Amino acid sequence: MMVELDTLLDELARRHARGEPLDVEGTLARAGDRADELAPLIEAFLARAPRREPTAESLAFVRSLDEPPLLRARVAKSLKVDDVVDVIVAECELDPEARPKVRRYYQQLEGGMLDPTHVAESVWAAITRVMGRSRTLLSAPSGPAPAAAPMYRADALVVLDEQLVSRAAPEPRQSDIVDALFLGEPAD
Amino acid sequence: MRSSSASPPTSPPDVRPARAEADSAGLDTSSAADYVPSDLTSVPTRYTEPRAHELRERYLATYGGDEIPVPVESIAEDLLGLRIEEDDLGECSGMLIPSERLILVNAAEAMSGETPTRRHRFTIAHELGHWVCHAKSMADAPTYCRSHDLAQDADRTLEREANVFGAELLMPEEAIRTAWRGKPDVGELAAYFAVSALAASWRLYSFDLAERPA
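Draft legend 1. Main features of the pattern of salt bridges. Under the definition given, this model contains 20 salt bridges over all chains. For A:Asp86, the salt bridge is made with A:Arg99, and the minimal N-O distance between the two is 2.8 Å. Taken together, the residues span a long stretch of sequence, with A:Asp86 in helix H6 (residues 81–91) and A:Arg99 in helix H7 (residues 99–110) at a distance of 13 residues. Assessed through its relative accessible area of 23%, A:Arg99 is described here as partly exposed. B:Arg51 is paired through a salt bridge with B:Glu49; the nearest N and O atoms lie 2.9 Å apart.

This is the structure:
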């Protein structure tokens, strides 16, 4: 027997008043074929109901969603960037002199600036081993980076020239093994 | 291109004269050291930035280590996943590019002894203030962080917030008070916190522990 929509809405409103999870999906499921009628009623209720302050836990969870998955995983294991870079350099048997470049690439990968599908299997093997998580989880797409404009800090009168603004333009470079590992390009 | 992570310097900060031409243009381009915490004079003495404390405590809970000097580079890179690079920024001390999770510090400021390390530390702390407090809600227009923005009468809330954030991140009140009780010497305090002497002086002043810096 299908529960009346008014009853379902009343239950949801009482849960809201008590500060409990609303379980909107469950409520809609109980409405059966009339879920499409109930959904706008719930929306109307939520639009008018007093706004509930998020709990510290829920706020932390939502904020954590802004962080790229690699970053989240690394911090969760109390690993520093250098810890991961050390493992990549060692397991990929790279020259220690390549370390700064590996570090830069790893940070770009972690921040979502590199396409994870272009990164070599050997690099991912090192990363997944030290992180203890699967590549699928670690390379899952994250939310967009903050779209805020650059901010500059200066002591004196600033004339923002084109060179400064356009610094993001890629610099000509000679590919090497590290480029190949992170960009998928063949080493010369 | 990475910024230095050298040990905290102990030499006094470099102080340069203000530029008259910039003054005539309405810009306060006071000395290199002045830029650090001078805006704190415009802030009530009990103004605090809890997000700076939360960030520092989160770092310590995650990675442990010494609280002082605050590992601001590691907070940026290891905890927040930001990159720090040095670059030729002309007159700019630093720059935050949120979409690249990138903090740029002026490479030229790393070329006159150890003092610039302290400058970089505060620049990074300042940009972290922008990242934590503003990065996700800023308008499209660039924000220029000039020394004028940091002056006492500056009407630049974002810059002031970033400065307060930087000061509170690098110089926690309790640690400042404890260190000052132990040895009330500005130079040693500044060296201990790896900030400029003037930064330390303004911080002390904000707690009513010392006279207003000249």
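Draft legend 2. Seen up close, the pairing of strand S2 (residues 92–97) of chain B. Residue and element names in this part refer to chain B. The buried fraction of S2 is high, at six of six residues. Bridge count between S2 and strand S3 (residues 102–106): four bridges; the pairing is antiparallel. Bridge pairing in S3 links Gly-94 to Val-105. The loop that links S2 with its antiparallel partner S3 comprises four residues; one of these, Arg-101, has a positive phi angle of about 50 degrees.

Draft legend 3. Representation of the environment of B:Glu86. Summarising the element assignment, B:Glu86 is placed in strand S1 (residues 83–87). Separated by 20 residues in sequence, B:Glu86 and B:Asn106 have C-alpha atoms that sit 5.7 Å apart.

Draft legend 4. A look at the packing of aromatic side chains. Scanning the model with the defined rule gives four aromatic pairs over all chains in all. A ring pair is formed by A:Tyr105 and A:Phe182, whose centres lie 5.3 Å apart and whose planes are at 15 degrees; its orientation type is stacked. With A:Tyr105 in helix H7 and A:Phe182 in helix H11 (residues 177–183), this residue pair connects regions lying 77 residues apart in the sequence. Taking relative accessible area as the criterion, A:Tyr105 reaches 9% and is therefore assigned buried. Judged by its relative accessible area of 0%, A:Phe182 falls in the buried class. Look at B:Tyr59 and B:Tyr63: their rings are 5.1 Å apart centre to centre, the planes differ by 45 degrees, and that puts the pair in the tilted class. With a gap of four residues between them, B:Tyr59 and B:Tyr63 both fall in helix H2 (residues 50–63), about one helical turn apart. With respect to class, B:Tyr59 is no different from B:Tyr63; both count as buried. Across from the ring centre of B:Tyr63, 5.6 Å away, lies the NZ or CZ of A:Lys80, which sits over that ring.

What counts and what doesn't
Residues numbered from 1 in each chain as written. Chains lettered and ligands numbered in written order. Predicted model: local features only at pLDDT ≥ 70, side-chain atom pairs only at ≥ 80, totals over all residues. Heavy atoms only, no water. Salt bridge = Lys/Arg side-chain N within 4 Å of Asp/Glu carboxyl O. Helix = DSSP H or I, 4+ residues; strand = E, 2+ residues; numbered from the N terminus. Buried < 20%, exposed > 50% of the residue type's maximum accessible area, 1.4 Å probe, protein only. Pairing = 2+ DSSP bridges. Phe/Tyr/Trp six-rings, centres within 6.5 Å; stacked < 30°, edge-to-face > 60°. Lys NZ or Arg CZ within 6 Å of the ring centre and 35° of its normal.

That's the geometry; what it means functionally is another story.
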